[in-house]
Amino acid sequence: MDLGKADADAARGIGAGGGAELDARLRLMDRAGVGIQVLSACPQVPYSEDRQKAARAASFVNDQYAELAGSHRNRFRAFAALPMPHLDDSVEEMRRALDQLGMTGIAMNTTVLGHALVEADYGPIFAELNSRNAVLYLHPAGNSACSPLIGDYHLTWMVGAPVEDTISTMHLITHGIPARYPNIKIINSHLGGALPMLLQRADDQYRWEAPDTPEPPSVAARRMWYDTVGHGHVPALRCAIDSFGADRLLLGTDFPYENGDIFLRAVDYINDARIDTGAAQAILDQNASALLGIG
């Protein structure tokens, strides 16, 4: 099919397929004690300047995920992809995915073909999400934050991805998105990038650098949620708990990129002795099910 991205092959054959790969995935979930996974196409979302290709790709992806989630309802849910930057098509596909396919929320990248999510043109997407009390999951696009200092030096995923998270989340904060659209349940990836370490700095400096920011960044940050993909680094997880509160953290694994023992570590590190047991229980067993309405 002439619908994919040139780098999509990187995601093939690493555990997210059907047949034997699906059986192995379910066994791995059982080993880790993961009851339900929420699927998404990120970072390979079907964005394209070609409207027809983007719409066909989004429809294809969503049909595939909805079918899998429907046939394994006790193990999977799925976030829908949108054919951005085409707004009418994206709103139409959002409605189809949520109303007809029964998907759990919407997944988008932190940027749209290099453009910030907070650009005024994308207001209709936020308005539709807000009217639906919808979940919006954001993941880096893998574009090195549009910086050759990252991309040209082999740092796209080691450094660039969390930088994308940080920039996107701060864009949302400085543009007042969490307060303007309070019904959207926004989930940012990877502990919010560097945001846990930067919240006090942002609070100290936003009044002169971004004076139109409607509320302190630390307040806006705590209106959103963050997945726990921290590559097993307990100090980073502790910083996020201290910065956002354990109730704002959701278990994340980055499967299939984190597979096998690394997948197990993504779950197990939440139970590290340096993490409060109540916080760990909330992150592992309570927060995501409550936010996503999975009983």
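About the thresholds
Residues numbered from 1 in each chain as written. Predicted model: local features only at pLDDT ≥ 70, side-chain atom pairs only at ≥ 80, totals over all residues. Heavy atoms only, no water. Buried < 20%, exposed > 50% of the residue type's maximum accessible area, 1.4 Å probe, protein only. Helix = DSSP H or I, 4+ residues; strand = E, 2+ residues; numbered from the N terminus. Contact = heavy atoms within 4.5 Å. Pairing = 2+ DSSP bridges.

Chemist: For this particular structure, what's the right way to read helix α10 (residues 234–244)?
Modeler: It helps to recall that an α-helix has 3.6 residues per turn; residues three or four apart then point in one direction. All buried positions along α10 are accounted for by Val234, Leu237, Ala240, Ile241, Ser243 and Phe244. Close packing links the buried residues of α10 with α8 (195–209), α9 (217–221), β8 (225–227), β9 (249–250) and α12 (277–292). Positive backbone phi, approximately 100°, marks Gly245, located one or two places after α10.

Chemist: Looking at this model, I keep getting lost on the pairing of strand β6 (residues 135–139). Mind explaining?
Modeler: The two faces of the sheet receive side chains in turn, since in a regular strand these alternate between them. Counting buried positions over the five residues of β6 gives five, a clear majority of the element. Across the two faces of β6 the burial is the same, with Val135, Tyr137 and His139 and Leu136 and Leu138 all buried. In this structure, strand β3 (residues 105–109) lies alongside β6, joined through four bridges in parallel fashion. Looking at the pairing, Asn109 lines up with His139 of β6. Relative to strand β7 (residues 185–188), β6 runs parallel, the two being bridged by four bridges. Along β7, the bridge assignment pairs Val135 with Lys185.

Chemist: Would you explain unusual backbone geometry in this entry?
Modeler: Outside of glycine, negative phi angles account for most residues, and trans bonds account for most peptide bonds. Cis geometry is adopted by the peptide bond preceding Pro43, which originates at Cys42 and carries an omega value of 0°. Looking at where Pro43 falls in the secondary structure, it is placed in the loop between β1 (37–39) and α2 (51–71). With an omega dihedral of 10°, the bond running from Met84 to Pro85 counts as a cis peptide bond. Looking at the secondary structure, you find Pro85 in the loop between β2 (76–80) and α3 (87–100). The backbone of Leu113 sits at a positive phi, close to 50°, despite the residue not being glycine. For Leu113, the position within the fold is in the loop between β4 (111–112) and β5 (115–116). Residue classification places Leu113 among the partly exposed residues on the basis of a relative accessible area of 39%.

Chemist: Any chance you could explain the sheet that holds β6 here in plain terms?
Modeler: Hydrogen bonds between backbone groups are what pair the strands of a sheet, and the pairing can be parallel or antiparallel. Strand order in the open sheet made by the seven strands is β1-β2-β3-β6-β7-β8-β9, with parallel pairing throughout. Whereas interior strands pair on both sides, the edge strands pair on one side only; in this sheet they are β1 and β9. As paired strands, β1 and β2 are joined by three bridges and run parallel to one another. Counterpart to Val38 in the pairing with β2 is Arg77.

It is worth stressing that arrangement in space is one thing and function is another; only the former is reported here.
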